[in-house]
Amino acid sequence: MCGIIGILSNTLVAERLIDGLSRLEYRGYDSAGVATIYENTITKRRAEGKLQSLKDLLQQKPLPGTVGIGHTRWATHGSPTHQNAHPHATDRVAVVHNGIIENYQLLKDGLIKDGVIFKSETDTEVVVHLIDQALQAGKSPDIAVKETLSKLHGAFALAIIFKEHSDMLMGARRGSPLVLGICDDELFLGSDAWALAPWTQKICYLEEGDVVVMKRDNGFAYTIFNEAWQPINRLVKHLNLATGAASKGGYSHFMLKEIFEQSQTLSDTFLSLIDEETHTSRINLPIDFSGEHVRIRLIACGSSYYASLTAKYWFEKYAQVLCEVDLASEFRYRDPVLSKHDICVFVSQSGETSDTLAALNLAKSKGCITLAIVNVPESSMTRAADHHILTLAGPEIGVASTKAFSAQLAVLCALALHAAAQRKSMDTISTHLRELLHVPKLVAQVLQDVSLFDELGLRLSQTRDVLFIGRGTNYPIALEGALKLKEISYIHAEAYAAGELKHGPIALVDKLTPLIAIAPNDGWFEKTSSNIQEVATRGAPIIVLTDDPMFTVNCLEFRKILLPKSTPLSACFIYTAAVQCIAYYTALHKGTDVDQPRNLAKSVTVE
Ligand code: F6R
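Residues numbered from 1 in each chain as written. Predicted model: local features only at pLDDT ≥ 70, side-chain atom pairs only at ≥ 80, totals over all residues. Heavy atoms only, no water.

Q: Any chance you could explain the domain arrangement of the chain here in plain terms?
A: Where the parts come together, the accessible area they lose is often given as the size of the interface. The domain boundaries assigned to the chain delineate domain 1 (3-245), domain 2 (249-446) and domain 3 (449-607). Using C-alpha coordinates to define each centre, domain 1 is positioned 34 Å away from domain 2. The interface of domain 1 with domain 2 comprises 7 residues on the first partner and 7 residues on the second. The junction of domain 1 with domain 2 conceals about 710 Å² of combined surface from both sides, 55% of it contributed by carbon and sulfur atoms. Linking domain 1 with domain 2 are 0 salt bridges. At the junction of domain 1 with domain 2, the criterion picks out 1 residue pair in polar contact (both at pLDDT 80 or more). Per-class residue counts for the side of domain 1 that touches domain 2 are 5 nonpolar, no polar and 2 charged. (Domains from an automatic or database assignment. Contact = heavy atoms within 4.5 Å. Buried area = accessible area lost by both parts, 1.4 Å probe. Salt bridge = Lys/Arg side-chain N within 4 Å of Asp/Glu carboxyl O. Polar contact = N/O pair within 3.5 Å; in protein donor to acceptor, adjacent residues only side chain to side chain. Nonpolar A, V, L, I, M, F, W, Y, C, P; charged D, E, K, R; others polar.)

If you want it as structure tokens, here you go:
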């Protein structure tokens, strides 16, 4: 979602603001803008669409100035137009904002009564006018911001510059991420540390309610105020982030590169969790899974939720512990019954998803044990949870999650087996752990020849609706396959547990609606085969992903993709890679924006 950047320097900042924004592009956006102060005037440049339009504009109309703010906007209030693009400004103050001001309408009504004329439909503009009013009343910038913040409800991160104080940059964090970057001769704000990596790796993660006032006087100095407006010292970390621009490494899209990286990323993740020699768990958490009253609660959104649904099968089967899975957006508002015996596991690629973070804070406030499984090391969730495990998938740039999803499966599976060891609920743990170490090779085999996925993608690119089915751990993988397909190809896709088909969804079946069945030759194979047959009989094109070379269906259109021989444990990894490829090649043939699909954001920092 929206990306924020701010620079206070002695040298021109516009070009670097754009550079910083390009490092935030992966978050998803639909317009962008920058503002600087030059010759005692705030000047903005804003453009709809991709960052290139803003770059072109700056070529035509350069923007001098040594203090500035920049923004990539993912529209919430007001369509993605030039007028609604950030920064928003009056003559005195300019603001960029990530998040939602929930009480903006009330504030806007009050401002309109005071004679303020709004130029955009955004919630952000109320922040600008509130600060402006306070400045007009003679308040200093920091007091104007303090008073304004006290009137705002919702979650946000802000970066602010002031016409009369071109030696000053302010940032505020409540609910949305914001980091401070520190150099001897420059200071920075960014939505994440990666955006600032080329200029500084000295990073301070602002905490909830923090405001930072950055000044250029004789040197560069900053003060952080906490929620109670007390000056406070926050830890400064020295990171070691890659500084180069993310590269596609010869692949046509980041998503394809990330699909192909999975064999390696899975290996990295498994080796961090499993001892290669002894086939024992290397998970070292001060959490006791063995208690009689222990309950596992997995809480997440989107693909991370589907990884969690898969893990429910493992926790219950291997660790024989009650496991519930929740969508974070529901969990946080439905008064869940929680106890101190609950081990609440929050699964998130970004570690910033607003609903999951709120659910985590709720579980913490109820005294539950909290564990975050996260891909971004210095994210809000790794810092908020009692414990965390990193998924080690490396930066994921494609908006649709692929390698982060499979890495979540890897951690969750190893965690379920770790819990099983503590609970002494099975005696073949080391066999299973050894089996997991073979998974990366199986995934590599899936990706060895993708020509069948390519052909299938061409066929599917001409359809309007697709049905997916699967059983057991492959049911959540079917859900993930359908989500991936709709996200990047915009084709309507639904997934069902195979056994559920005849309880309603079979009414959708016709010759224009292909069925994609995930059907490894496992304990449920015969049952899934019958379900496939039922759909075939009704004329639907049938696509079967299986490891059974003999499987066939008598129907008008039948395609089979033969995948490596799987076990109940390895299947979900193999079939995940397959459904990712199907989605990718379908989108490729449709010609959609695979890496940045419409309306989607990588890091969902608003509700
Ligand atoms: C789908 C996808 C999303 C995310 C969801 C949660 O491809 O990427 O559904 O899984 O927005 O995001 P995280 O995992 O960052 O909490």
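Alright, that's what it looks like, and here's the rest.
Q: Looking at this structure, how should I read unusual backbone geometry?
A: Peptide bonds are mostly trans, and most non-glycine residues show a negative phi. Here the amide bond leading from His-86 into Pro-87 is cis, since omega sits at -5°, within 30 degrees of zero. Structurally, the position occupied by Pro-87 is in the loop between β4 (67-73) and β5 (88-89). Phi angles above zero are rare outside glycine, and Gln-320 is one such case at about 45°. (Helix = DSSP H or I, 4+ residues; strand = E, 2+ residues; numbered from the N terminus.)

Q: So what exactly am I meant to see when it comes to the nonpolar core here?
A: The nonpolar side chains of soluble globular proteins are, as a tendency, buried together. Core analysis: the largest hydrophobic core is formed by 93 residues, its most contacted members being Trp-314, Phe-315 and Phe-573. The biggest single contributor to this core is helix α18 (residues 571-590), with 14 residues. No fewer than three residues from each of domain 2 (249-446) and domain 3 (449-607) sit in this core. In terms of nonpolar packing, the next biggest core, distinct from the first, is built from 30 residues, Phe-118, Val-145, Met-168 and Phe-225 among them. (Core = buried A, V, L, I, M, F, W, Y, C linked by side-chain atoms within 4.5 Å. Buried < 20%, exposed > 50% of the residue type's maximum accessible area, 1.4 Å probe, protein only.)

Q: So what exactly am I meant to see when it comes to the pattern of salt bridges here?
A: As a working rule, side chains carrying opposite charge can pair if their charged atoms are close by. Under the counting rule described, the total for this entry stands at 24 salt bridges. The salt bridge partner of Asp-593 is Lys-50, with a shortest N-O separation of 3.9 Å. Note that Asp-593 is positioned in the segment after α18 and Lys-50 in the loop between β3 (41-48) and α2 (51-60), a separation of 543 residues in sequence. We classify Asp-593 as partly exposed; its relative accessible area is 35%. In this structure, Lys-312 and Glu-316 form a salt bridge, with 3.3 Å as the shortest nitrogen-oxygen distance. On the criterion of helical spacing, the pair formed by Lys-312 and Glu-316 is a turn pair, its members being 4 residues apart in helix α9 (residues 302-318). Several salt bridges converge on common partners, so that one network encompasses Arg-295, Arg-297, Glu-324, Asp-326, Arg-334 and Asp-342.

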